[in-house]
Amino acid sequence: MADSLPAVLAATAPARQGRLEPDAIGVAQDTLIGMASAAPTVSVGPTLATLAAVSAYGGGPVIVLCGIAMLIIANAYRRLNMWQANCGASFEWVGRSINPYLGFMTGWLMIAAYITGAVSGVEVLGPSVLAVFGVTSGGTAADLVIAVTVTLVMLIIAIAGIKTTAWTQVAMAAVEYAILIGFAIAGPYAVLAHHPGTYPVTRDWFALNGISGRGSLAGGLVAAVYIYSGWEGTLYLNEETRLRRLNPGRAVVLAVTLLTITYGLAQIGLQGIVSPARLQANSTSALVYVAQALGGPGWAKVMALALALSVIAATGTSIVLGARIIYGMAARRTLPGPLANISPKLSTPVPASLLTGLGIIALTTIYLLVTSVENAFNDAVNLSGQLFAGFYILTALATIVYYRRRILSSAREAIVLGILPLAAAAFLIWILARYLQTAAAPQLWSIAGVTAAGLLIMAYAQARPALGVLPGTPRKRPPGHPQGLSGNPFRRSCGPSQTAPE
């Protein structure tokens with residue numbers, strides 16, 4: 001275990017102030033926050049046409065297959081949370097069960113994924129908001145003003161408290177999901193009624209290789225992985241959720257289940273509303289286009305509202321969840337100590353929230369001013385989806401390592417804690433490899449840059465005595481240093497924790 005590594009904590013490491021609010025939200029609110037992090041409507045938007053094309057209209061089964069793998073990994077998250085209910089989640093679990101250095105890189109991937117994923121949504125927020133009011137384009141300046149304003153508002157809500165965040169997410173989710181699911185149900189009705197311009201349903205829609213076997217299963221899975229990214233957000237709120245060892249795990253499994261149903265309905269229900277040629281011609285605004293084809297300009301504005309709410313909700317959760325990850329890492333002294341401070345009055349990690357929110361604003365501004373919205377959107381989407389896949393793989397492996405004794409205790413545990421997580425990890429590794437084989441050079445350089453940045457930060461953190469963050473060569477205890485403390489950053493929890501027996 002990582003606990004036995006021999007370095008010592010530096011006496012100069014700053015102490016945390018305050019604590020997160022315990023028992024603040026329930027399993028339903030936690031589930032909705034996890035779903036909002038995945039941003040269902042804005043995730044379906046860019047992948048509707050892509051998935052229909054690469055899977056030859058077999059996107060529904062592809063989504064279900066990917067959902068099964070995600071459910072296996074969600075169960076791994078649930079089991080690990082029973083061991084350590086900690087806001088650092090995978091950072092904590094990988095660091096304690098496999099290796100602290102790998103744990104740090106896992107945490108870094110989590111932070112990068114949430115900030116990059118937020119940018120991929122915020123940069124298209126402007127066009128969605130303007131479309132609600134019937135404006136087709138307001139230019140870069142308008143897009144930037146809308147994106148920055150919304151991010152600042154969601155930052156204020158995030159700082160105000162987890163209860164305020166939760167109720168805000170519930171209100172937006174009620175409207176967003178009603179619109180998306182409503183269209184997903186109305187779509188098949190129009191197709192089956194042979195509405196003019198629709199594309200007829202065949203039984204091949206329910207085959208993994210699509211119509212006449214022309215679909216690419218690998219290509220479809222690469223597209224499908226992106227839409228699922230973010231569901232594990234329920235676990236980063238475990239220190240603030242009632243029954244912290246049980247409810248976040250239940251919420252994550254429920255979130256993945258509901259997302260699989262929602263995505264499957266949306267793909268099957270919406271891909272046939274227009275012909276394949278028209279769908280591909282309008283792939284960058286597929287949801288608004290099919291809504292207009294189905295119900296006219298008025299319904300197109302309704303779908304634009306769902307898109308805008310989805311982006312706003314995802315932006316809010318990215319700030320909240322990203323801040324918890326940063327807080328959890330800083331509490332381990334793997335990031336600067338002030339980032340581990342909690343406002344005693346608000347019970348939120350204000351410094352970490354400010355860093356996350358302002359970081360999103362800075363990156364959004366750079367994207368919108370330096371490149372076109374479409375190119376920036378595609379680069380950010382492709383990068384964020386693969387980052388999420390990376391730490392999902394590491395979490396599945398951490399489950400196998402930590403529960404290795406239970407794996408040998410019975411056939412059931414061998415399947416649930418050994419074979420299935422290993423198969424899910426291998427599945428995602430295969431998808432990731434397929435993506436890297438076809439990715440454009442800018443996307444590969446982006447992934448390399450994120451990895452290099454994480455390694456540099458880790459090296460800096462290791463070298464800084466004030467952080468004393470990662471296990472390495474044992475150092476002499478400074479005068480007055482409390483006895484009995486291990487320098488392993490995973491020795492103590494970033495909050496009250498309970499350990500499930502092996």
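Predicted, not measured: the structure shown is a model, and the values here were computed from it. (Residues numbered from 1 in each chain as written. Predicted model: local features only at pLDDT ≥ 70, side-chain atom pairs only at ≥ 80, totals over all residues. Heavy atoms only, no water.)

Section: the packing of aromatic side chains
Then, number 1: The full count for this structure, using the stated rule, is 15 aromatic pairs.
Then, number 2: Between Tyr114 and Tyr236, the ring centres sit 5.8 Å apart and the planes meet at 80 degrees, which makes this aromatic pair edge-to-face. Linking Tyr114 in helix α5 (residues 100-122) with Tyr236 in the loop between α9 (217-228) and α10 (247-270), this pair joins segments that are 122 residues apart in sequence.
Then, number 3: Classification of Tyr236 as buried rests on a relative accessible area of 0%.
Then, number 4: Taking 5.3 Å as the distance between ring centres and 75 degrees as the angle between the ring planes, the aromatic pair formed by Phe391 and Tyr392 counts as edge-to-face.
Then, number 5: Ring-pair connections join several aromatic residues into one group, and the members of that group are Tyr77, Trp93, Tyr114, Trp231, Tyr236, Phe388, Phe391 and Tyr392.
Then, number 6: Stacked on the ring of Tyr403, the Lys or Arg Arg79 has its end atom at 5.2 Å from the ring centre. (Phe/Tyr/Trp six-rings, centres within 6.5 Å; stacked < 30°, edge-to-face > 60°. Helix = DSSP H or I, 4+ residues; strand = E, 2+ residues; numbered from the N terminus. Buried < 20%, exposed > 50% of the residue type's maximum accessible area, 1.4 Å probe, protein only. Lys NZ or Arg CZ within 6 Å of the ring centre and 35° of its normal.)

Considerations on the pattern of salt bridges
One side chain can pair with another of opposite charge once the charged atoms of both are near each other.
Then, number 1: Within the structure shown, the criterion is met by six salt bridges.
Then, number 2: In this structure, Arg79 and Glu413 form a salt bridge, with 3.7 Å as the shortest nitrogen-oxygen distance. Here the residue Arg79 occupies a position in helix α3 (residues 59-83), and Glu413 occupies one in helix α17 (residues 411-438), the gap between them amounting to 334 residues.
Then, number 3: Here the salt bridges share partners, and the residues they tie into one network are Arg79, Arg412 and Glu413. (Salt bridge = Lys/Arg side-chain N within 4 Å of Asp/Glu carboxyl O.)

Side note on the confidence of the model for the protein chain
Then, number 1: Residues at a pLDDT of 70 or more form 86% of the protein chain, whose mean pLDDT is 83.
Then, number 2: Between residues 1-16, whose pLDDT stays under 50, and residues either more than four places distant or in other chains, the model counts 60 contacts.
Then, number 3: Here residues 466-487 scores under 50 on pLDDT; set against residues more than four positions off or in separate chains, the count is 62 contacts. (pLDDT = per-residue confidence, 0-100. Contact = heavy atoms within 4.5 Å.)

Here's the deal with the nonpolar core
Then, number 1: Counting residues in each nonpolar core, the largest one holds 142 residues, and the members touching the most others are Met70, Tyr77, Trp231, Leu279, Phe391, Tyr392 and Leu428.
Then, number 2: With 19 residues, the single largest contributor to this core is helix α13 (residues 297-331). (Core = buried A, V, L, I, M, F, W, Y, C linked by side-chain atoms within 4.5 Å.)

What to know about the packing of helix α1 (residues 27-38) against helix α8 (residues 162-192)
Geometrically, a packed helix pair is captured by the angle between its two axes and the distance between the axes.
Then, number 1: Relative orientation of the contacting elements α1 and α8 amounts to 65 degrees, with a least axis distance of 9 Å. As α1 packs across α8, the resulting crossing turns out to be left-handed. Each of Gln29, Leu32, Ile33, Met35 and Ala36 in α1 lies in contact with α8, whose residues at this interface are Ala166, Trp167, Gln169, Val170, Ala173 and Tyr177. (Axes fitted to C-alpha atoms, helices over the stretch in contact; angles between N-to-C directions. Left-handed = near helix turned anticlockwise from the far one by under 90°.)

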